[in-house]
Amino acid sequence: GRLPVEGYVDLNVRLQKALVPEFQVDTAVDSALQDWHEDCAEAGNPEGATSMGYEDFNWFVFELCGLWCRHKVQLREYLFFLNC
């Protein structure tokens, strides 16, 4: 299956709400859309793509874990983050 841009933005905003202390919905949506465009570009998807594949979504989650867990990430930290 493929994840539509609306589902990506919805999940991204929900994650920001859980992780960002000064959460603001307008800023979060703008950030999520910017992330969408960056993730699609990195994956080689065409400009204006309306969905992303499973592998591209997994890469988004992997990058998010890396950002959240900092530079020296251990497997246990990744697994903890993914299971939250």
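For the structure itself, consult the block above.
Scoring rules and cut-offs
Residues numbered from 1 in each chain as written. Predicted model: local features only at pLDDT ≥ 70, side-chain atom pairs only at ≥ 80, totals over all residues. Heavy atoms only, no water. Core = buried A, V, L, I, M, F, W, Y, C linked by side-chain atoms within 4.5 Å. Buried < 20%, exposed > 50% of the residue type's maximum accessible area, 1.4 Å probe, protein only. Helix = DSSP H or I, 4+ residues; strand = E, 2+ residues; numbered from the N terminus. Contact = heavy atoms within 4.5 Å. Expected span 1.5 Å × (residues − 1). Arc of directions from axis to C-beta. Polar contact = N/O pair within 3.5 Å; in protein donor to acceptor, adjacent residues only side chain to side chain.

1. Considering the nonpolar core
Counting residues in hydrophobic clusters, the biggest one holds eleven residues: Val5, Tyr8, Val9, Val13, Ala28, Ala32, Trp36, Cys40, Ala49, Met52 and Phe60. Counting residues per element, the ones that place at least two in this core are α1 (5–19) and α2 (25–42). Once residues within four sequence positions are removed from consideration, Cys40 is found in contact with Asn45, Ala49 and Met52.

2. Observations concerning α1
A rise of 1.5 Å per residue sets the reference length of α1, with its 15 residues, at 21 Å; its end C-alpha atoms lie 21 Å apart and thus fit the reference within 8%. Within the span of α1, buried status applies to Val5, Tyr8, Val9, Asn12, Val13 and Gln16. Across the axial projection of α1, the buried residues extend over an arc of 125°, all falling on one side. What points out from α1, more than 90 degrees from its buried face, is the exposed set Glu6, Arg14, Lys17 and Ala18.

3. Side note on the side chain of Asn45
Secondary-structure assignment places Asn45 in the loop between α2 and β2 (51–53). There is a polar contact of 3.3 Å between the side chain of Asn45 and the side chain of Asp56. In contact with Asn45, other than residues within four places in its own chain, are Cys40, Met52 and Asp56.

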